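Survey of secondary and tertiary structure
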Amino acid sequence: MVSEIKVRDADLLPNYRSKMAWTKEKILQNIEVLMRSKFETPEQAFSYYDRDKDGLLTKADFKILLKEANVNAIIRGVVAEFMMKSFDQNNDKTVSWEEFQEAIKESGIKE
Ligand SMILES: [Ca+2]
Ligand SMILES: [Ca+2]
């Protein structure tokens, strides 16, 4: 799925990637690197960012994740919003463990 997006972007907008350093692909890559270096399993990552241990991640939790993934502060809020929208399948403004797992599967981020 990620590689399909890459091909389409490159075909339609040849200069897109050089002008926009923070593509979706780049952000996902950073998150993947963070997940691999910091955590052994997705469960560990989820429970780390679920700071109040209620089994749900909020937009604020995603901002912390993005900060640790070295995503630029200027775009962090927008990216957190985007991640919430794409992860949160039942639209309760939080991301459950089930939704998190599903999103990781779809993004291609592996354990
Ligand atoms: Ca929580
Ligand atoms: Ca949800």
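So, here is what we can say about the structure in this document. (Residues numbered from 1 in each chain as written. Chains lettered and ligands numbered in written order. Predicted model: local features only at pLDDT ≥ 70, side-chain atom pairs only at ≥ 80, totals over all residues.)

1. Here we look at the overall build of the chain
A tally of helices and strands in the chain yields seven helices and two strands. In the chain, the succession of α and β elements from N to C terminus is α-α-α-α-β-α-α-β-α. Counting over 111 residues, the chain shows a buried share of 15%. (Helix = DSSP H or I, 4+ residues; strand = E, 2+ residues; numbered from the N terminus. Buried ≥ 20, exposed ≤ 12 C-beta atoms within 10 Å, placed from the backbone.)

2. What to know about helix H3 (residues 24-38)
For H3, spanning 15 residues, the distance from its first C-alpha to its last is 21 Å, which sits close to the expected 21 Å at 1.5 Å a residue. Restricting attention to buried positions, one finds in H3 the residues Ile-27, Ile-31 and Met-35. The buried side chains of H3 occupy one side of the element, clustering within an arc of 75° when seen end-on. Packed against the buried residues of H3 are helix H4 (42-49) and helix H6 (73-87). (Expected span 1.5 Å × (residues − 1). Arc of directions from axis to C-beta. Contact = placed C-beta atoms within 7 Å.)

3. Description of the environment of Phe-100
By the element assignment, Phe-100 lies in helix H7 (residues 97-107). For Phe-100, a count of 20 C-beta atoms within 10 Å puts it in the buried group. Between the alpha carbons of Phe-100 and Asp-88 there is a distance of 8.2 Å; along the sequence they are twelve residues apart.

4. As for the nonpolar core
Phe-62, Leu-66, Val-79 and Ala-80 are the most contacted members of the largest nonpolar core, which has 15 residues in total. For this core, the secondary structure elements donating two or more residues are H3, H4, helix H5 (59-68) and H6. For Phe-62, the residues in contact, after removing those within four places along its chain, are Leu-57, Ala-80, Met-83 and Met-84. (Core = buried A, V, L, I, M, F, W, Y, C linked by C-beta atoms within 7 Å.)

5. Brief notes about unusual backbone geometry
With glycine set apart, most residues show a phi of negative sign, and most peptide bonds adopt trans. Positive phi is not limited to glycine here, since Asn-70 has a value of about 60°. Considering the arrangement of structural elements, one finds Asn-70 in the loop between H5 and H6. The phi dihedral of Asn-91 is positive, around 55°, even though this residue is not glycine. Tracing the sequence through the fold places Asn-91 in the loop between H6 and strand S2 (95-96).

6. What to know about H6
Helix length check: H6 (15 residues) gives 21 Å between terminal C-alpha atoms against 21 Å at 1.5 Å per residue, within 8%. Buried residues in H6 make contact with H3 and H5.

7. Focus: the packing of H5 against H6
In contact at an axis separation of 9 Å, H5 and H6 are set at 120° when each is read in the N-to-C sense. Regarding the angle of H5 to H6, the classification is oblique. As H5 packs across H6, the resulting crossing turns out to be right-handed. On H6, the residues touching Lys-59, Phe-62, Lys-63, Leu-66 and Lys-67 of H5 are Arg-76, Gly-77, Val-79, Ala-80, Glu-81, Met-83 and Met-84. Residues of the contact of H5 with H6, tallied by class, amount to six nonpolar, one polar and five charged. (Axes fitted to C-alpha atoms, helices over the stretch in contact; angles between N-to-C directions. Parallel < 35°, antiparallel > 145°, perpendicular 65-115°, else oblique. Left-handed = near helix turned anticlockwise from the far one by under 90°. Nonpolar A, V, L, I, M, F, W, Y, C, P; charged D, E, K, R; others polar.)

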